[in-house]
Structure formats: C-alpha cells, structure tokens
Amino acid sequence: MKPVSYLDYNATSPLRPEALAVMSAVLQETGNPSSVHGFGRNARRHVDIARQQVALRVGARSENVIFTASGTEANNLALLNAGNHRLLVSAIEHDSILKPARQMGAEVIQAQRSGEIDLDHLASLLQQDSRPAFVSIMMANNETGVIQPVAAISELVHRHGGLLHVDAAQAMCRIAVDISLLDIDFLTLSGHKIGGPQGVGALVLGRDREMTALLLGGGQERGRRAGSENVAAIAGFGAAAMVDTGAELARIGALRDHLEARLQTLGQPITFFGRSQGMALPQSHERLPNTSCFASGTKNSETLVMALDLAGVAVSAGSACSSGKVRPSHVITAMGFGAATAGTAIRVSLGWQSSQEDVERFVAAWSSIQTRQTGAAEAAGGVFTAA
Amino acid sequence: MSANNAAKTPANDTAVGTNKPQLPIYLDYQATTPCDPRVVEAMLPYFTEKFGNPHSRNHSFGWEAEEGVEKARAQVASIIGADEKEVIFTSGATESNNLALKGVAHFHKGKKNHIITTVTEHKCILDSCRHLEMEGFKVTYLPVQQNGLVDLEQLKAAITDQTVLVSIMAVNNEIGVIQPLAEIGKICRARGVYFHTDAAQAVGKIPLDVNAMNIDMMSISGHKIYGPKGIGALYVRRKPRVRLEALIHGGGQERGMRSGTLPTPLIVGLGEACAIAQKEMGAETERLKYLRDRMYNKIKEQLPEVFLNGDLEQRIPGNLNISFAYVEGEGLMMGIKDLAVSSGSACTSASLEPSYVLRALGVEEELAHTSLRLGIGRFTTEQDIDYAVEHIVQSVNRLRAMSPLWEMAQEGIDIKSIQWAEH
C-alpha cells in the first residue's frame, strides 16, 4: 500500500497547481531565450516574468536574480565568490555549504542548544582576524526548522566589513525573507522547496556585483551562469513564488503545534529540537511553522522512518541528501546532543497539502510504534537496520 | 508547422486540404527543440503524484521517484551504448562540458597539464578552456578544414606526454558536420589520452557507441533532442575509469560527481526523449534527409551564388547552413520574418559579430554575415520546407535587385579589386 500521508516537505514539495499550470503551457511551446526570433523572445518573456516574481518575493531587484539548477548550485556559486575573504560557516549548514567550505579551509561557527548559532563565537571569530570575512548562514535549518537571527548576524558581519551569504532554501515562502531589509549580500533559493519544480534555484544578490561564474559558456544570466535557461522550470518557480502563503502558513503552524501537543500527551519523554524548553506552546516564531524535529531516545531514526512508512506516513530522519547513510544528524550533534539522542531523531515537515488527517495518522502510527513490543531489530540488539 | 502546436506527431504532420503551413515556421532546431508531447506526458505524473525526492531512501515517495530516475538512466545509457552506472545527470550540456573539462583538468593538476580541442567548439568548451589556461593549463585549439572537419594528422601531432584530454564535439551546432569520432577515439586510446565529446547536437541524430568509438566522456542535452530544458547528462567511462573532480559539491548525489537534488520529472523526460529518438532514428533520418535535400536543391536551382557551409555528406540530416552572396544579412532576416531561423549559434545570435565557426572554415566576413542556419526536425513538414524556400528565394532576389554590388558582379566586375575611397 502506498502511504497516504506525505510529511516530508523539507525534502521536497509536491508541485503547486499554480506552477503546474504555467509549466504545462510552457512545455508545449518552444524557443531558446537567446534566440532573437519570436519563439526565442517568447521564451525570454517567461524567464523575465519569473525573474521579477522571484525578486518581488525576496525584496530584490530582478536583475540581481541569477537562476541556477538548484539551491546546491546556488550555494556553490556563492562560495566561489568568497574570493580572498576568510570563510566562516556555521556547523549546522547544509552539506552543499559544508562540503565545499571544508575544502576551502573554512572556520566553523558553533551552534547553541537552541539551534541558533553562537553570536558571541561569531563575534570573536570576526575580531580574531583583520581580513574581511565571508560568512555563510542558513536562514532556517532544514532539519530542525530553527530560524537564525539574520538581522543581528548581518549587522555584526557588516560592522566587521564582511560579506553575508544566507541560504534561504527552506525559509522562502515560509517566513518573511527580504534581502534589502536584512542587508544580505548573497541569498540562496530553491524551487522545489516552495512547491515549485525541482531543477531550478537562484542566487540573489543584495546589490549588483562582479561575479565569478561556476558554469562558463554562453552569456546567459548576464555572464554569471551559462547554459540555456530552463524556461518551464523557471516559470514554475516564479509562479510558486507568487503564491500568497499567509493563511496557509497559519493553518500549517496550527497543525504542527497540534501534532507536538498530541505527542506530548502520549506520556513518553520527548525532546523537540529547537523549541524553547519549559515554555508554553506554541513557539512558531522561532522555528519554521511547518517543521517539527524530535526524539524519544528509544528507537533509532532509520527504524522509525521505515516503520512509519509501512504505516502509511512518509517522514525523514534528516536531510534527504544524506538519507540512507546511517549516521546521526550533524545538526543535532552540533546543538550539543549526544549520539544516543541524535540517532533517534526524526523530522516531520508539513506543507500546502497537509491536513489534520495526516497529523492524526502520524500520531496514531507513532504511538503504535512506540508501544509496540520488541521488534525484530530490537530483538537482534541492533540499533541500526541495514539501509 | 509552428512549434507552438507541437502536439502534432510526425505520423500526422501533413495538414490536409491546405498548402499553407502554420506561421511562423520554426526552423531553429539546433537552438532548441519542442518538447515532444509524449515526453511531456511521461513527465507529468512526476510533477504531481510521484513527486518524491529521489534521495529520500526511507519512504516509498522517494523510492518511486528513484525508480523513475533509474529507468531514465538506463534509457540514456542505451542510446549511447553505455552502462547505466556511467551516466551522471546534470542541468544540461553546458554543465556537462564544464564538468568534463574542469573536472578532469583539476583532478590531474600537477601531473598532466595539456588539453586539445578545436576552434569550432561550443562557447562553453572554449570558455572552460580559456579559464583553464588562466589556471596554468596549456590548450591547443586545432583548426578545422574548409569542410569543418578536424584533420586527424594534426590531432596526432598535437598529442604530447602532457596531454590529459582531447575534447572534440560530435556534431557542430552551426554547420551540423559530424567529426570522425571513431578515428579520434582510436587515436586517443592508443596514446592513453581521455576523449571527451560534446554530443549535444548528435545524440538521437546519429548512431553513437561509446565503446566502439572509444569515447571516455560524452555530454548530452535534453532540449536538443525533444526533451525538456534544464537537464542533461555526462557519460563518464568506468573501465578504464575516468577520474574527475566535482564542480558542484554537497549532498554527494550522482556518486559524488554532481550534488543537488535530482529533478525527477526532467530526468524522466530526458530518458523518454532518448527512448523515442533511439526507436525512431532510422526512419526520421530518412525523412529529414529528404526534406533537407529538397530544401537545398530547390534553393540551389533558383538562386546562383549560394554556398553551403560545412561538409554535405558528413552532416546531420537536420541542418543546412547557407551563405547568400550579395545580400545584406540583417535585411535577409527581416525579409523572412515568418521563418524562425538563426544566423549563428543561439548564444551569440544577439551579437552582430560574424560567426566564429564560419570564420574558422575560411568563410569571408561578408559571406558569414549573410549566412542562415536552417535547422529542421521532428515537427517540420514538407509544406514548411516549400514555404520557407519560396520566401528565402523571394527575399534574396529582392535584396539583390536593390544591391549595386550584385549589379556590378553581374557585369563581371571583381568587387574585391575595387579600392573603396573614404568619403
């Protein structure tokens, strides 16, 4: 039986009807945006409109939007433009920052137990060296949904003459993201995390600047990213960016809070990562309203996710890119939790199609798995099942 | 027909009861191709019900998407005679070319530092090479012969002990000529040098076999073969293994060679496009050859002083590139507004510089300016061809009637001998 409840929106989102509609139409047309004839100009028009839509959503100028093939590519492109700056990245970044940053000899900013980065540590790192820094921080974490104090970080980084890159792949359309207001130099966006298509992302610049391109070739994207524009996906990204998510987010936030409240009533100790301990619910303002990441400290993440899938609920043990690799989340570990806790964490992330029914199905499945007597994996004493 | 109306399939492409094709006529199949409706149909379920992230390994939404990706990988591998484990998905041929060149060069940095390519490659190969030169690599840009083909003896002579890679495109995007891939592959293999070919314009149009041709890396594009834009692939040989450094780092997808969430619907579309092309290549080649020859012969019969750029025999059936002497290029383009054609490669078509590919063949600047690239493909009909020929001939005749140069040439004056005075 196919699971009926998809609660893994931070991995990817089903395509919104607004995006599907424009993409279906564009896929029936032809034309390369670089061609000067009518077919080409028509294709270019779709790209231009989408560029304005994405720019509008994040408070940018449309000429400062560089379309890429993914958030990952946008992150790589941003880091490539760190130039001779000192590179500082936080410990809880996505692999598409951490992996290239490590190769570039980046210094790591510590995270706190709350999931926020340690501002004092950042400040001391910035003071240690007079060279200007290139700082990369995600706006909202993909695993815990914890939102970083970007305004404060921006102020701090710029006071020290540095540049700020913010990975807003998970934040866009879920919280307010305004590149001008927050004074961000580089901003990463992803199409499929907001209900747009996979295969498109963007790097947005706070102000026009000379860029080193990762992909060289034709002069597309004003020489900043070569390759024929992915017209249909870009158009879909633009359409998804224009969806008014206000009411939807309030609804999703309430569902998430309801889910957490229900889990707490089940009686077992449970840790919600990134949620202020000992404070009253809801705490939506400090995390993305759609994300809940928690651990019960009993069964390991992989076992839980598999068992939930069998029960018809799709959730995740961490970020999708590293799914299948059995290792505790680097995010939760960086927040100071031990491997025993980190190794039992799962992430529930809701989205535009999520309903009360999905939440109830999850709670029922979770409850039944938690109370189930020795399963095969536990009987064998194995913490980790084979992937 | 218009590509806006791509829903027509090749089987029913002959409009009944009318000789007038739908305007404008799309004749720019080397710039991009319409996405085949069968491809769109294959993609659609992956936008909606099968929307999972193919890297989600622990739930069935992920598995379903992964299944789609792996089926497509096999379809792509099949059309080039590769193993599916050798196919890396990218965002397009530009990324594949960047990855192949920079990836191999960076991996072998300090050991081997020489790359060989040709002057008629796509911009993304030439720009990547220039970038590598700035990093300290040596690059040999081989000239091409007048017919657009590389001279194999020159290639042999250019290879040194320092050569790590030869990158020569399979089919040129402007003139459609097919390079002698098997011969190049043989030379490279004998000298222990990697052979990369940009096959964006070749896949699905000519038979390709990475093993028979000793190809070590091959760039593939989705939107040049009736698949979607924003997707491509790089074939990377496993035996003997090609070592390269990734360009985009992150989640470690595509065996670490290319990170980023795989766009399942686009990949499914690329796979389907390959499967269709593989199945239909034989019949479609014959059909396009007939249309292409009809077009070329009719133009030649009606117009003197027209020149085909690039070899006619070693050429894909869907391309003509013709220079029309004694007309003004911009005027010609304006005169055939109903025809969507290109006067150079799409990436540079907005610039007024003469095509560097035509210049490399030794085509003079004036003639290069008056050249048209006529790209025909799966949805081109005989009516489209006849209409296009009629309008090109009319337009050229009209421009020549107004041209004093044409008049002088008719009177037997050698225009090149005239010393033009400044005034």
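Quick caveat, the model's predicted, so the values are computed rather than measured. (Residues numbered from 1 in each chain as written. Chains lettered and ligands numbered in written order. Predicted model: local features only at pLDDT ≥ 70, side-chain atom pairs only at ≥ 80, totals over all residues. Heavy atoms only, no water.)

With that settled, the discussion passes to empty space enclosed by the protein. To find leftover empty space, a probe the size of one water molecule is rolled over the atoms. Counting across every chain of the model gives 10 cavities of 30 Å³ or more. In this structure, the largest cavity occupies an estimated 410 Å³ of space. Around the largest cavity, the lining is made up of 40 residues, and of these A:Gly227, A:Ser228, B:Ala93, B:Thr94 and B:His223 lie nearest the centre. Elements with a contribution of two residues or more to the lining of the largest cavity: strand 2 (65-68) of chain A together with helix 3 (93-107) of chain B. Top element by residues in the lining of the largest cavity is helix 3 of chain B. It accounts for 3 residues. Here the lining of the largest cavity is built from residues that sort into 14 nonpolar, 19 polar and 7 charged. (1 Å grid on protein atoms, 1.4 Å probe; cavity = no way out; pocket = protein on both sides within 12 Å on 5 of 7 lines; lining within 4 Å. Points joined across faces, edges and corners; volume = space filled by probe spheres on them. Helix = DSSP H or I, 4+ residues; strand = E, 2+ residues; numbered from the N terminus. Nonpolar A, V, L, I, M, F, W, Y, C, P; charged D, E, K, R; others polar.)

Within the secondary structure, B:Ser403 sits in the loop between helix 11 (382-401) and helix 12 (404-410). Of the polar contacts made by the side chain of B:Ser403, one reaches the backbone nitrogen of B:Leu405; its length is 3.2 Å. (Polar contact = N/O pair within 3.5 Å; in protein donor to acceptor, adjacent residues only side chain to side chain.)

Next up on the list: the interface of chain A and chain B. The interface is formed by 63 residues belonging to chain A together with 67 residues belonging to chain B. Carbon and sulfur atoms supply 61% of the area buried between chain A and chain B, which totals about 4900 Å² over both sides. It is A:Leu27, A:Phe39 and A:Leu216 in chain A that bury the most area against chain B; as a group they hold 14% of the surface buried on that side. Joining chain A to chain B, the criterion identifies 0 salt bridges. Summed over the shared surface of chain A and chain B, the number is 17 residue pairs in polar contact (both at pLDDT 80 or more). Mapped by element, the contributors of at least two residues to the side of chain A that touches chain B are strand 1 (5-6), helix 1 (17-27), helix 3 (71-80), helix 4 (95-103) and helix 9 (301-310) of chain A. (Contact = heavy atoms within 4.5 Å. Buried area = accessible area lost by both parts, 1.4 Å probe. Salt bridge = Lys/Arg side-chain N within 4 Å of Asp/Glu carboxyl O.)

All names here are of chain B. Roughly 600 Å³ of volume is contained in the second largest pocket. What lines the second largest pocket is a set of 21 residues, among which Ala 325, Tyr 326, Glu 366, Leu 367 and Leu 405 lie closest to the centre. Sorting the residues of the lining of the second largest pocket by element identifies helix 8 (329-335) and helix 10 (365-369) as the ones contributing at least two each. Among the residues making up the lining of the second largest pocket, the classes are represented as 10 nonpolar, 5 polar and 6 charged.

Residue and element names in this part refer to chain B. In terms of domains, chain B is made up of domain 1 (3-35 + 281-401) and domain 2 (39-276). Put simply, the middle of domain 1 and the middle of domain 2, counted by C-alpha atoms, are 28 Å apart. Facing the 31 residues of domain 1 at the interface are 36 residues of domain 2. Of the roughly 2800 Å² buried between domain 1 and domain 2 on both sides combined, carbon and sulfur atoms contribute 58%. On the domain 1 side of the contact with domain 2, Cys 35, Met 281 and Tyr 356 bury the most area, a combined 23% of that side's loss. Between the two partners, domain 1 and domain 2, sit 0 salt bridges. It is helix 9 (residues 356-360) that provides the largest number of residues to the side of domain 1 that touches domain 2, a total of 4 residues. A per-class count over the side of domain 1 that touches domain 2 returns 13 nonpolar, 14 polar and 4 charged. (Domains from an automatic or database assignment.)

For the structure on display, the rule yields 16 aromatic pairs over all chains. Between A:Tyr6 and B:Phe61, the aromatic rings sit 4.7 Å apart at their centres with planes inclined by 65°, giving edge-to-face as the arrangement. Taken together, the residues A:Tyr6 in strand 1 and B:Phe61 in helix 2 (residues 60-79) connect one chain to another. Across the pair, B:Phe61 and A:Tyr6 agree in class, each one buried. Relative to A:Trp366, the ring of A:Phe362 lies with its centre 6.0 Å away and its plane at 25°, an arrangement referred to as stacked. Placement of the pair is A:Phe362 and A:Trp366 together in helix 12 (residues 356-371), with a separation of 4 residues, close to one helical turn. On the basis of relative accessibility, which here comes to 0%, the residue A:Phe362 falls in the buried class. (Phe/Tyr/Trp six-rings, centres within 6.5 Å; stacked < 30°, edge-to-face > 60°. Buried < 20%, exposed > 50% of the residue type's maximum accessible area, 1.4 Å probe, protein only.)

With that settled, the discussion passes to the pairing of strand 10 (residues 319-324) of chain B. Residues and elements named next belong to chain B. For strand 10, the tally of buried residues reaches 6 of 6 residues, placing the bulk of the element in the interior. Burial along strand 10 is two-sided: the face carrying Asn 319, Asn 321 and Ser 323 and the face carrying Leu 320, Ile 322 and Phe 324 are both buried. Bridge count between strand 9 (residues 306-308) and strand 10: 3 bridges; the pairing is antiparallel. Counted as the bridge partner of Phe 307 is Ser 323 from strand 10. For strand 10 and strand 12 (residues 371-375), the ladder comprises 5 bridges, and the chain directions are antiparallel. Bridge assignment links Ser 323 to a residue of strand 12, and that residue is Ser 371. (Pairing = 2+ DSSP bridges.)

Turning our eyes to something else, we now look at the sheet that holds strand 5 (residues 133-138) of chain A. Residue and element names in this part refer to chain A. The 7 strands lie next to each other as 2-8-7-6-5-3-4, forming an open sheet whose pairing is mixed. Two strands close off the open sheet at either side, each with one partner strand: strand 2 and strand 4 (107-109). Adjacent strand axes in the sheet meet at a mean angle of 20°, parallel and antiparallel pairs treated alike. Direction of pairing for strand 6 (residues 163-167) relative to strand 7 (residues 186-190): parallel, over a ladder of 3 bridges. When the sheet's bridge partners are listed, His 165 is paired in strand 7 with Phe 186. Its contacts with the sheet put helix 2 (residues 38-57) on strand 2 and strand 7, and the angle it makes with strand 2 is roughly 115°. (Axes fitted to C-alpha atoms, helices over the stretch in contact; angles between N-to-C directions.)

Glancing now at helix 3 of chain B. Helix length check: helix 3 of chain B, at 15 residues, gives a terminal C-alpha distance of 20 Å against a target of 21 Å (1.5 Å per residue), a fit within 8%. In terms of residue burial, helix 3 of chain B counts as a mostly covered element, since 13 of its 15 residues are buried. (Expected span 1.5 Å × (residues − 1).)

Attention now moves to the pattern of salt bridges. All names here are of chain A. Here the structure, examined in full by the defined rule, presents 40 salt bridges over all chains. The salt bridge involving Arg 159 is made with Glu 155; its shortest N-O contact spans 3.0 Å. Taken together, the residues Arg 159 and Glu 155, both in helix 6 (residues 150-159) and 4 residues apart, mark about one turn of the helix. The exposed category is assigned to Arg 159, whose relative accessible area is 55%. In this structure, Arg 262 and Glu 360 form a salt bridge, with 2.5 Å as the shortest nitrogen-oxygen distance. On the criterion of sequence distance, the pair formed by Arg 262 in helix 8 (residues 246-265) and Glu 360 in helix 12 is long-range, its members being 98 residues apart. On the basis of relative accessible area, Arg 262 is assigned to the partly exposed category, the value being 29%. Of the residues examined, Glu 360 reaches a relative accessible area of 27% and is grouped as partly exposed. Three or more residues are tied together by salt bridges with common partners; here these are Arg 86, Glu 107, Asp 129 and Arg 131.

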